[in-house]
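Observations on the model geometry
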Amino acid sequence: MQLASRFEIIVTQICDAITPRFEDVEYVLLHGDCHSGNILWNRDDPYFIDFDDMLYAPPVQDIWMLTGGDDDYGKERRDILLEAYEEMRTFDMTTMQLIEPLRALRMIHFSAWIARRWEDSAFKMGFPVFGTERYWQEQIEALALQLEKVQNHATDLSR
């Protein structure tokens, strides 16, 4: 299948490009899937849920997942979160360069996660286009864009 080989090539290119960036980076235990959908609110108090993706990773993993993209709104949210974070612990700003590599890994992981659980009927209903030619074409296009971001070090390190 031509799409399979194209997907494999782009994933390999991404992995080759990002692997050196993770050397000498501090890893801590994180939520791993820290997005707003995994936070429940009880009045003013947040409660994190869904800890089945916990892992050791650079703290920027949870930061980017919680604050989103690199548009102005995402950057503003990231600045607020980092300011609060640094009240408890120093944040290594050099790890901001890992946002796009981590985003790429998340995209790859998501497809693998669906594939591993594909026999579960809920996944077939929840992801009806998974495995189709259209799905893989979209994944390849999205990963190609992500590879370009990774190669251009697209993440803005400014606060």
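Worth saying up front: this structure is predicted, and the values here are computed from it rather than measured.

Conventions adopted
Residues numbered from 1 in each chain as written. Predicted model: local features only at pLDDT ≥ 70, side-chain atom pairs only at ≥ 80, totals over all residues. Heavy atoms only, no water. Phe/Tyr/Trp six-rings, centres within 6.5 Å; stacked < 30°, edge-to-face > 60°. Buried < 20%, exposed > 50% of the residue type's maximum accessible area, 1.4 Å probe, protein only. Salt bridge = Lys/Arg side-chain N within 4 Å of Asp/Glu carboxyl O. Helix = DSSP H or I, 4+ residues; strand = E, 2+ residues; numbered from the N terminus. Core = buried A, V, L, I, M, F, W, Y, C linked by side-chain atoms within 4.5 Å.

1. Digging into the packing of aromatic side chains
If you walk through the whole model with that rule in mind, you get 11 aromatic pairs. Between Phe123 and Phe127, the ring centres sit 5.7 Å apart and the planes meet at 40°, which makes this aromatic pair tilted. Classification of Phe123 as buried rests on a relative accessible area of 8%. Relative accessible area serves as the criterion here: at 24%, Phe127 is assigned to the partly exposed category.

2. So, the pattern of salt bridges
A complete count under the given rule lists 6 salt bridges for this structure. Measuring nitrogen to oxygen at the nearest pair gives 2.6 Å for the salt bridge that ties Arg89 to Glu26. Pair noted here: Arg89 is in the loop between helix H3 (72–85) and helix H4 (99–116) and Glu26 is in the loop between helix H1 (2–18) and strand S1 (28–30), with a separation of 63 residues, a long-range link. On the basis of relative accessible area, Glu26 is assigned to the partly exposed category, the value being 48%. Asp33 is the salt-bridge partner of Arg106, the closest N and O atoms lying 2.7 Å from each other.

3. Quick look at the nonpolar core
Counting 30 residues, the largest nonpolar core has Ile14, Val60, Phe91 and Leu143 as its most contacted members. Every element with two or more residues in this core is listed here: H1, helix H2 (60–67), H3, H4 and helix H6 (133–151).

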